[in-house]
Amino acid sequence: MAKILSVVSRAGLARVLDPVAAALLRAGITPNAVTVIGTLGVLVGALGFATRGHLFIALVIITVSCFTDLIDGSMARQRGITNKFGALLDSSMDRIADGAIFGSVAYWYATQHEPRVVAAALLCLLTGQVVSYVKARAEGLGFTCNVGIIERAERLVGIGIGGLLWTFGVPYGLEIVMWLLAALSIVTIGQRIGTVYRQAHAPERVEAR
């Protein structure tokens, strides 16, 4: 679940979590196992609680689960390994977690007969997946695609803020946040496709001159 905690001071958290990572390595637990466990925690929070409207409990469980991002990374660094399969697994678990989080919110609001909020949650899910896909596909084709005003970390922090607003009874707080996230994600998709387009056509511009 890469970058989910990029808005938090990693240096400070590393001092706390590095010993945990070392202890897990001594116990024979692998970084990949921690990645999967973290995703399972997200699924418990999303499917077990968010789908029933217990958004605050879901938020707490999901947030705690997200610390595995730092732990599995620390474990990999301490072992001195660079594992392409680990990177693939991490990205795959990210997609599963995203689907569970936004899908569970959509499900809850569907049971409450709130189609407008369901649409916002589903649009967040769709655009979030496309944002990640465009970057992965672009890099797979040899382009650079490190642009965009919103990425996965910001989307998940945003949905967390929306969940807190809902918990404290702020009218339309979660809905507004999700529509904003969806709009920013659409802009990010455009930015990334535009960036790749310019790179792809750069040789044509040189030849034209």
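What you see is a predicted model, and the numbers here were worked out from it, not measured in a lab.

1. A closer look at the overall build of the protein chain
Scanning the protein chain for helices and strands turns up 9 helices and 0 strands. Starting at the N terminus and ending at the C terminus, the protein chain contains elements arranged as α-α-α-α-α-α-α-α-α. Referenced to the eigenvectors of the C-alpha coordinate spread, the extents of the protein chain come out at roughly 60 × 50 × 25 Å. Burial analysis of the protein chain (209 residues in total) assigns 41% to the buried set.

2. Topic: the nonpolar core
If you look at the biggest cluster of nonpolar residues, it comprises 29 residues, and the most contacted ones within it are Ile101, Phe102, Tyr109, Ile159, Leu174 and Met178. When contributions to this core are tallied by element, the ones reaching two or more residues are helix H2 (31–48), helix H3 (55–66), helix H5 (84–111), helix H6 (115–140), helix H7 (152–167) and helix H8 (173–200). Top element by residues in this core is H5. It accounts for 8 residues. Those residues in contact with Tyr109 that sit more than four places away from it in its chain are Glu114, Val117, Val118, Trp166 and Leu174. The next biggest cluster of nonpolar side chains, apart from the first, holds 6 residues, and it includes Leu17, Ala21, Val34 and Ile71.

3. Focus: the side chain of Asp98
Looking at where Asp98 falls in the secondary structure, it is placed in helix H5. For Asp98, a relative accessible area of 4% translates into the label buried. Setting aside residues up to four positions removed in sequence, Asp98 forms contacts with Gly103, Leu125, Gln129, Arg152, Arg155 and Leu156.

4. Considerations on the confidence of the model for the protein chain
Confidence in the prediction for the protein chain averages 88 pLDDT; 90% of positions are at 70 or higher. Contacts of residues 1–9 to residues separated by more than four positions or lying in other chains number 30 contacts, the stretch itself having pLDDT below 50.

5. Describing the packing of aromatic side chains
Taken as a whole and judged by the stated rule, the model has 0 aromatic pairs. Seen from the ring of Phe49, Arg52 lies directly overhead, with NZ or CZ sitting 5.4 Å from the centre.

6. Observations regarding unusual backbone geometry
Trans is the common state for peptide bonds, and a negative phi is the common state for residues other than glycine. Positive phi, normally seen in glycine, also occurs at His113, with a value near 60°. By the secondary structure assignment, His113 is in the loop between H5 and H6. Classification of His113 by relative accessible area gives exposed; the value is 69%. Residue Tyr172 is not a glycine yet carries a positive backbone phi of 60°.

Thresholds, definitions, all that
- One numbering rule holds for all chains: residues counted from 1, following each sequence as written.
- Only residues with pLDDT of at least 70 get local features here, since the model is predicted, and only at 80 or more are side-chain atom pairs given and counted; chain-wide, interface and lining totals rely on the full set of residues.
- Values shown for side chains rest on all heavy atoms present in the structure; no hydrogens or waters enter the calculation.
- What counts as a helix is a DSSP run of H or I of at least four residues, what counts as a strand is a run of E of at least two, and both are numbered from the N terminus.
- Burial classes: relative accessible area under 20% of the type maximum marks a residue as buried, over 50% as exposed, and values in between as partly exposed (1.4 Å probe, protein chains only).
- Residues enter a nonpolar core if they are buried and are Ala, Val, Leu, Ile, Met, Phe, Trp, Tyr or Cys, with the set joined through side-chain atoms within 4.5 Å.
- We call two residues in contact when some of their heavy atoms are within 4.5 Å.
- Note: pLDDT gives the predictor's confidence per residue, expressed from 0 to 100.
- Side-chain rings of Phe, Tyr and Trp (the six-membered ring for Trp) are treated as a pair once their centres are within 6.5 Å; stacked means planes under 30 degrees apart, edge-to-face means over 60, and tilted covers the remaining angles.
- For a ring to carry a charge above it, either NZ of a lysine or CZ of an arginine must fall within 6 Å of the ring centroid while also lying within 35 degrees of the normal to the ring plane.

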